[in-house]
Amino acid sequence: MANPKIFRRLFLDQIKNYPNFERYFFDHLSMAVHFKRIELSEWTLEELKELAGFLVQAPELDHNHEQVINGIGKVDFELMMSIYDRRLNREAQQSDTRYTAFPYHFSTDVAALIKDHPEYPKILKTWISKVNGRRNLYAMELGKLVYKIGGDVLSQVLEKLISTGAETNLKKVVALFPLIDTPNFDICFKIIDATDNKDIW
């Protein structure tokens, strides 16, 4: 039987040397992970970080990419979330329309793993802190991601931001609010109660 460590090194080198075939490599890795022929829990942290880097570079994510991301998340949740964070930042900073941070059909397995994880609220708060108060591409893509993940975490984080009364935080809430889900009138009224500044409304 082949040495797993040697196989992992060869696999990572192949993706590095043949980036145009990354989808092909992830198709096969996804299948191997699904059928438990490869256990990502056996990979070293450095190997997983290198694999995560290739997932950030992929022009778009399909089901097979997400299966691998889900596998990474079960081993290292923060590393998985860093993949989405870096993809979000990359799309917001470039004009390459061939690069999309998140898939249209977001994996339900990944969504369930994220929304039920105790670290998600803290990570989401960090992401929201990067919103500059304008409805730009970053805010729009973050809104799409949170909507796909689902759950009540976003409302809880937004309500905490509103409770500070700080105009910078209120602007972040307003920038994200229209992009999330069906109108939440409770949050709308809390914003109005928190400030008399109609420019924020």
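Residues numbered from 1 in each chain as written. Predicted model: local features only at pLDDT ≥ 70, side-chain atom pairs only at ≥ 80, totals over all residues. Heavy atoms only, no water.

> Is there a simple way to think about the confidence of the model for the protein in this case?
Note: predicted coordinates in regions of low pLDDT should not be interpreted at a detailed level. Per-residue pLDDT for the protein has a mean of 85; in total, 90% of the residues score no lower than 70. Ranking the helices and strands of the protein by mean pLDDT puts helix H3 (residues 45-57) first, with 97, and helix H11 (residues 185-194) last, with 75. (pLDDT = per-residue confidence, 0-100. Helix = DSSP H or I, 4+ residues; strand = E, 2+ residues; numbered from the N terminus.)

> In this structure, what is going on with the environment of Leu137? I would like to understand it.
With respect to the secondary-structure elements, Leu137 resides in helix H8 (residues 137-149). According to the relative accessible area criterion, Leu137 is partly exposed, its value standing at 31%. For the pair formed by Leu137 and Asn89, sequence separation is 48 residues and the distance between their alpha carbons is 9.7 Å. (Buried < 20%, exposed > 50% of the residue type's maximum accessible area, 1.4 Å probe, protein only.)

> Would you mind showing me how to read the packing of aromatic side chains here?
Remark: the centre distance and the inter-plane angle together describe each pair of aromatic rings, the angle taken between the planes. Enumeration over the complete set of coordinates arrives at 5 aromatic pairs. Through pairs of rings, three or more aromatic residues link up here, namely Phe7, Phe11, Tyr24 and Phe25. (Phe/Tyr/Trp six-rings, centres within 6.5 Å; stacked < 30°, edge-to-face > 60°.)

> Whenever I open this one, the environment of Leu88 confuses me. Can you help?
Looking at the element boundaries, Leu88 is found in helix H5 (residues 77-93). Look at Leu88 and you get buried, because its relative accessible area is 1%. Remark: the alpha-carbon pair of Leu88 and Tyr138, spanning 50 residues in sequence, is separated by 6.9 Å. Beyond its immediate stretch of four places on either side in the chain, Leu88 contacts Ala101, Phe102, Tyr138, Glu141 and Leu142. (Contact = heavy atoms within 4.5 Å.)

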